[in-house]
Amino acid sequence: MSKKVAIIASNGGLFDAYKVFNIATAAAATDQEVAVFFTFEGLNLIHKEAYKQLPMPEGKEHFAEGFAKANVPAIPELVEMAVEMGVKFIGCQMTMDVMGLEKEAFVDGIEVGGAVTFLEFATDADVTLTF
């Protein structure tokens, strides 16, 4: 039986995205089952337009050059990798309703569900993380 990693993504900045997708893809690469629940600003991480221009934390602009020099993939590439590796993306229905967002605004392959949907996965997860 494979291990399960449950991640809650509730923040929408560039560093948050790297934390979420680095952990998700690393876990998937080691044959762990992974689900990410995107809620509130975390929905930006999988929004077709927003994820291309996530904000760098204030005062950390110098990291942009470091990301480029280190050949760190852009967030859209990491999202695509995660999807290809079977990471389950769950968009929070309540947050989407509050923000007036439809499933079509997000990358292909997301599941839309509430907290219960995430909890069904996370109940027996070996690791649960929040970013």
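All values derive from a computational prediction rather than experimental measurement.

**Thoughts on the overall build of the protein chain**
Logical step 1: Within the protein chain, the regular secondary structure consists of five helices and five strands.
Logical step 2: When the elements of the protein chain are put in sequence order from the N terminus, they spell out β-α-β-α-α-β-α-β-α-β.
Logical step 3: For 131 residues, the compact-globule estimate of 2.2 N^0.38 gives 14 Å, and the C-alpha radius of gyration of the protein chain, at 14 Å, lies within 12% of that figure.
Logical step 4: Along the longest, intermediate and shortest principal axes, the C-alpha atoms of the protein chain span 40 × 35 × 25 Å.
Logical step 5: Counting over 131 residues, the protein chain shows a buried share of 40%.
Logical step 6: Contacts in the protein chain between residues at least 24 apart in sequence constitute 78% of all its contacts with a sequence separation of at least 6.
Logical step 7: Total accessible area on the protein chain is roughly 7200 Å²; 54% of this is exposed by carbon and sulfur atoms.
Logical step 8: Side-chain charges of the protein chain comprise 9 positive and 19 negative groups, with the mean position of each set lying 4 Å from the other.

**Considering the pattern of salt bridges**
Logical step 1: Counted by the stated rule, this structure contains five salt bridges.
Logical step 2: For Lys-4, the salt bridge goes to Asp-124, with nearest N and O atoms at 2.7 Å. A residue pair is termed long-range when its members are at least 10 positions apart, and Lys-4 in strand 1 (residues 4-9) and Asp-124 in the loop between helix 5 (115-122) and strand 5 (127-130) qualify at 120 residues.
Logical step 3: On the accessibility criterion, Lys-4 (12% relative accessible area) is buried.
Logical step 4: Close ionic contact of Asp-16 with Lys-19 constitutes a salt bridge, the shortest N to O distance being 3.8 Å. You can see Asp-16 and its partner Lys-19 sitting in helix 1 (residues 14-29), three residues apart, about one turn around the helix.
Logical step 5: You can call Lys-19 partly exposed: its relative accessible area is 39%.

**So, the environment of Pro-55**
Logical step 1: When you line up the elements, Pro-55 lands in the loop between strand 2 (33-38) and helix 2 (63-69).
Logical step 2: Spatially, the C-alpha atoms of Pro-55 and Phe-15 are 8.5 Å apart, while their sequence positions differ by 40 residues.
Logical step 3: Each residue touching Pro-55, except ones within four places of it in the same chain, is listed here: Gly-12, Gly-13 and Leu-14.

**Here's the deal with the nonpolar core**
Logical step 1: Residues Phe-21, Val-34, Val-36, Phe-38, Ile-75 and Phe-89 are the most contacted members of the largest nonpolar core, which totals 30 residues.
Logical step 2: Secondary-structure elements contributing two or more residues to this core are strand 1, helix 1, strand 2 and helix 3 (75-84).
Logical step 3: Tallying contributions element by element places helix 1 first for this core, with eight residues.
Logical step 4: Residues in contact with Phe-21, not counting those within four places in the same chain, are Phe-38, Leu-45, Ile-46, Ile-75, Leu-78, Val-79, Ala-82 and Phe-89.
Logical step 5: If you look at the next biggest cluster of nonpolar residues, it comprises nine residues, including Phe-37, Phe-118, Phe-121 and Ala-122.

What counts as what
- Residues numbered from 1 in each chain as written.
- Predicted model: local features only at pLDDT ≥ 70, side-chain atom pairs only at ≥ 80, totals over all residues.
- Heavy atoms only, no water.
- Helix = DSSP H or I, 4+ residues; strand = E, 2+ residues; numbered from the N terminus.
- Rg over C-alpha atoms; globule rule 2.2 N^0.38 Å.
- Buried < 20%, exposed > 50% of the residue type's maximum accessible area, 1.4 Å probe, protein only.
- Contact = heavy atoms within 4.5 Å.
- Areas by Shrake-Rupley, 256 points an atom, 1.4 Å probe, with all protein chains shown as cover.
- Lys, Arg positive; Asp, Glu negative; His and termini not counted.
- Charge placed at Lys NZ, Arg CZ, Asp CG, Glu CD.
- Salt bridge = Lys/Arg side-chain N within 4 Å of Asp/Glu carboxyl O.
- Core = buried A, V, L, I, M, F, W, Y, C linked by side-chain atoms within 4.5 Å.

None of the figures reported here should be taken as evidence of function without further support.
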